[in-house]
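Reading the structure
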Amino acid sequence: ICRLWFLRAIEESDNSIAAVVGPHTEGTDGQSVVSVTKVVVNGVSNVASAIQPPSAVLAAEFLYDDFVTGTIASSATCTAQSRWCAVVDRGGTVVALSTSKRTTKLVTAGMFVGELEPELLTGMRDKDLFALVNVRDSESGSALQALELKMPESSQTVVVHAKSWEVSTCRNPVSFGIAVVSGTNLFVILADTTGSAEEECGTITAVARQDFIGTLASAASSTETSAACGAVASSATCQSCYLKVNEGTVSTAGGSVNGGDEAAFPRDGSCSRQDPTTVTALSGASGTCAGWRRRAGFCWSL
């Protein structure tokens, strides 16, 4: 069985939640539907498959319009003046959209949130709401990179202020509240346009899913390279590198360091050490990093 709703149910079984999939086209009559699925283990629908293999998958299909009517269209929050809502799944796919959202785009199968609201996607990326995860193609078995929308551990709601893409113009600023829909693989996005004004969109263009994955992968690779050896600084005996951990930026010799900053030192005095160690810059003091004291392991001041 390779139907998407079945695969999503299996994927989410370890999380013991219902997987909502859609919209997709129903094979019998061609209508747009949303599927709600749940794995069952020995007659219990909230037992993770990690404990024992699933014995069945329950699934129910709703016409897309009926799903919208029964969810965001029946919410006073989503239907209030100057507001609209979107429902997206863990991968950033738009599952449902308020009819009050001003857009020429139709919600079709696999529509990515970046195709609907590119500036919102940028704001979500800046708040580190997306992670890259490794998955396997259900048919070929080959390894793929996919997106996973996540929330900070300290909060189940995140607010992003961004420009909203409408028909031929944009609205700015718009407050987007993003929250988890408990017990599912869904997130609801509440857009509040109160106090915003219409303006030209400039260079805004739709962002496809694969392009966004490529952007995140490139950024991750760059970050890993910097973390490994951010900036090379010379001491009397060896080359080493300095990483300002607290500020998330790289410091070269001659740059300022704070007492809590740390420096990555991947080699010993003979330049032969391969495993990095982390020590405190300036031994808890603030100042300017001049180089690396080979034996003591601390920066010293100029």
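Residues numbered from 1 in each chain as written. Predicted model: local features only at pLDDT ≥ 70, side-chain atom pairs only at ≥ 80, totals over all residues. Heavy atoms only, no water.

**Here's the deal with the layout of surface pockets**
Looking at the largest pocket, its volume works out to about 960 Å³. Lining the largest pocket are 31 residues; nearest its centre among them are Leu 4, Arg 8, Glu 11, Val 135 and Ala 146. Elements with a contribution of two residues or more to the lining of the largest pocket: α1 (4–11), β1 (19–25), β6 (130–136), β7 (143–149) and α6 (209–228). Each residue belonging to the lining of the largest pocket can be placed in one class, and the counts come to 12 nonpolar, 10 polar and nine charged. Empty space within the second largest pocket amounts to approximately 220 Å³. Lining of the second largest pocket is provided by 13 residues; of these, Tyr 64, Leu 97, Lys 105, Leu 106 and Val 107 occupy positions nearest its centre. Among the elements that line the lining of the second largest pocket, the one with the most residues is helix α2 (residues 64–70), at three residues. (1 Å grid on protein atoms, 1.4 Å probe; cavity = no way out; pocket = protein on both sides within 12 Å on 5 of 7 lines; lining within 4 Å. Points joined across faces, edges and corners; volume = space filled by probe spheres on them. Helix = DSSP H or I, 4+ residues; strand = E, 2+ residues; numbered from the N terminus. Nonpolar A, V, L, I, M, F, W, Y, C, P; charged D, E, K, R; others polar.)

**Some points on α1**
Buried within α1 are the following residues: Trp 5, Leu 7 and Ala 9. Close packing links the buried residues of α1 with β1, β2 (32–40) and β3 (56–63). (Buried < 20%, exposed > 50% of the residue type's maximum accessible area, 1.4 Å probe, protein only. Contact = heavy atoms within 4.5 Å.)

**Section: the packing of aromatic side chains**
The final tally for this structure, using the stated rule, is three aromatic pairs. Between Trp 84 and Phe 176, the ring centres sit 6.1 Å apart and the planes meet at 75 degrees, which makes this aromatic pair edge-to-face. You can see Trp 84 sitting in strand β4 (residues 83–89) and its partner Phe 176 sitting in strand β9 (residues 170–180), a full 92 residues away along the chain. Summarising the burial analysis for this pair, Trp 84 and Phe 176 share the class buried. (Phe/Tyr/Trp six-rings, centres within 6.5 Å; stacked < 30°, edge-to-face > 60°.)

**Some remarks on the pairing of β9**
When strand β8 (residues 157–165) meets β9, the two strands line up antiparallel, connected through eight bridges. Among the inter-strand pairings, Ala 162 is bridged to a residue of β9, identified as Val 174. If you look at the hairpin formed by β8 and β9, you'll find four residues sitting between the two strands. Direction of pairing for β9 relative to strand β11 (residues 197–199): antiparallel, over a ladder of three bridges. Considered in β11, the bridge of Cys 170 is made with Glu 199. When β9 meets strand β10 (residues 186–192), the two strands line up antiparallel, connected through six bridges. Within β10, the position partnered with Ile 178 by the bridge is Ile 189. What sits between the antiparallel neighbours β9 and β10 is a turn of five residues, in which Gly 183 has the positive phi angle 80 degrees. (Pairing = 2+ DSSP bridges.)

**Focus on the sheet that holds β1**
Here we have three strands laid out as an open sheet, ordered β1-β2-β3, and antiparallel in their pairing. Strand pairing shows two members of the sheet lacking a second neighbour, β1 and β3, which therefore form its edges. Within this sheet the neighbouring strands show an average axis-to-axis angle of 25 degrees, counted without direction. Sheet analysis places β2 next to β3, joined by eight bridges and oriented antiparallel. Within β3, the residue paired with Thr 37 across the bridge is Ala 59. (Axes fitted to C-alpha atoms, helices over the stretch in contact; angles between N-to-C directions.)

**Quick notes on the nonpolar core**
Of all hydrophobic cores here, the largest spans 42 residues; its most connected members are Phe 130, Phe 176 and Ile 178. Looking at which element gives the most residues to this core, the answer is β4, with five residues. Setting aside its immediate chain neighbours within four residues, Phe 176 contacts Trp 84, Glu 117, Leu 120, Val 158, Val 159, Val 160, Ala 162, Ser 164, Ile 189, Leu 190 and Ala 191. (Core = buried A, V, L, I, M, F, W, Y, C linked by side-chain atoms within 4.5 Å.)

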